Amino acid sequence: MSQRYPQASTRRRWLGTGAALSTGAVMGCAGPVSADYRPKTPFAVAMTSVPIAGSDQAFPVRRIYCIGRNYAAHSREMGSDPTREPPFFFQKPTDAIQFVRPGTVADHPYPTLTKNYHYEVELVVALGQGGRNVSIERALDLVYGYSLGLDMTRRDLQRAMGDEKKPWEIGKSFDHSAVIGEIHPVVRIGGHFSDGAIWLKVNGTTRQDATLRHMLWSVAEQISKLSEANELFPGDIIYSGTPENVGPVVRGDVIEIHIDRLPNLSVKIV
Ligand code: MN
């Protein structure tokens, strides 16, 4: 198709349900517009994608959602009541992705403005289908695959903003703050994640060590809840929260993270 402008058929897709979009339909654009809509632009903007394990394809990233306080012990250490309050979400900009190839140690730049830069190891869920008001029973059908990653955080700025009842933005949403490994399709890794070790080491010393079983909200519940707030689309990814014992790193530190069934990921803070 050579359609260049969002005329009738595209418009119908905008107004229709997410089901009208097939996997990959958002390849090449950031929103729910058909892939064949390619306007002339005065300059190019890079599309964010993450390589898919065992494939020559890449997973196109539409939005990055992050869930906060999804492990009781981490909720407690952040000064919250660890009762099972509804999960809350924030976003990082899509181009905050830093992809790290397995078997390598990527340089991760220490960001500006902070004196207390924290790691948070997390399971990352990648959606291949969208929907709104998705039931818990159907939620896992939306999952294309999984990865592991770091929700890097300027903790001092996050806390200061929280104290002033201002948005977390500057503490959470900045360049390179969404570290991620390859996307592993569900079929390739033998199913979904509800159990298994999740840990993080700094310079070889274990700092975070927990199990996915301790997530307050399961992956299916996270997807279902999130789909009440926003229509989900293929290409959306979800950082599913970090367990307890988050902490700081400084330049020169090497972080290694692990989730059972996924290859480890390593970065060096520079
Ligand atoms: Mn987090």
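The structure reproduced in this document is the subject of the present report. Worth saying up front: this structure is predicted, and the values here are computed from it rather than measured.

## A few points about the nonpolar core
So, point 1. Within the largest apolar cluster, 56 residues are counted, with the highest numbers of intra-cluster contacts made by Leu 123, Val 124, Val 125, Ala 126, Leu 127, Ile 237 and Ile 238.
So, point 2. Not counting residues up to four positions away in its chain, the partners in contact with Leu 123 are Tyr 146, Leu 148, Phe 193, Ile 198, Leu 212, Ser 240 and Ile 259.

## What to know about unusual backbone geometry
So, point 1. Non-glycine residue Asn 203 carries a positive phi angle of around 50°.
So, point 2. Locating Asn 203 in the fold gives a position in the loop between strand 13 (197-202) and strand 14 (205-211).
So, point 3. The residue Asn 245 is not glycine, and still its phi comes out positive at about 70°.
So, point 4. Tracing the backbone shows Asn 245 in the loop between strand 15 (237-239) and strand 16 (247-249).

## Describing the sheet that holds strand 18 (residues 265-269)
So, point 1. Taken in spatial order, the 5 strands make up an open sheet running 6-18-17-13-14, and their pairing is mixed. Each having just a single partner strand, strand 6 (105-108) and strand 14 make up the two edges of the open sheet. Averaged over neighbouring strand pairs, the angle between their axes works out to 20° when direction is ignored.
So, point 2. Sheet topology places strand 13 next to strand 14; 6 bridges connect them, and they run antiparallel. Across the sheet, the residue bridging to Ala 197 is Thr 211, located in strand 14.

## Points about the environment of Asn 133
So, point 1. Structurally, Asn 133 can be placed in the loop between strand 8 (121-127) and helix 3 (136-139).
So, point 2. Sequence spacing of Asn 133 and Asn 230 is 97 residues, and the spatial spacing of their C-alpha atoms is 8.7 Å.
So, point 3. The residues contacting Asn 133, other than those within four sequence positions of it, are Ser 227 and Glu 228.

## Regarding the environment of Pro 60
So, point 1. Looking at the secondary structure, you find Pro 60 in strand 2 (residues 58-60).
So, point 2. Take Pro 60: there are 21 C-beta atoms within 10 Å of it, and that puts it in the buried class.
So, point 3. Between the C-alpha atoms of Pro 60 and Thr 48, which are 12 residues apart in sequence, the distance is 6.2 Å.

What counts, and at which threshold
All chains use their own residue numbering, which begins from 1 and follows the written sequence. At least 70 in pLDDT is required for a residue's local features to be given in this predicted model, at least 80 for side-chain atom pairs to be given and counted, and no such filter applies to totals for whole chains, interfaces and linings, which use all residues. A set of buried residues qualifies as a nonpolar core if it consists of Ala, Val, Leu, Ile, Met, Phe, Trp, Tyr and Cys joined through C-beta atoms within 7 Å. Any residue whose C-beta has 12 or fewer other C-beta atoms within 10 Å is treated as exposed, any with 20 or more as buried, and any in between as partly exposed, C-beta atoms being built from the backbone. For every residue pair, C-beta atoms are placed from the backbone, and the pair is scored as a contact if these atoms sit within 7 Å. Where helices and strands are cited, they refer to DSSP runs of H or I of at least four residues and of E of at least two residues respectively, numbered from the N terminus. In this description, strands pair whenever DSSP reports at least two bridges between them. Comment: axis = line fitted to C-alpha atoms, over the contacting stretch for helices; angle = value between 0 and 180 degrees taken between N-to-C directions.

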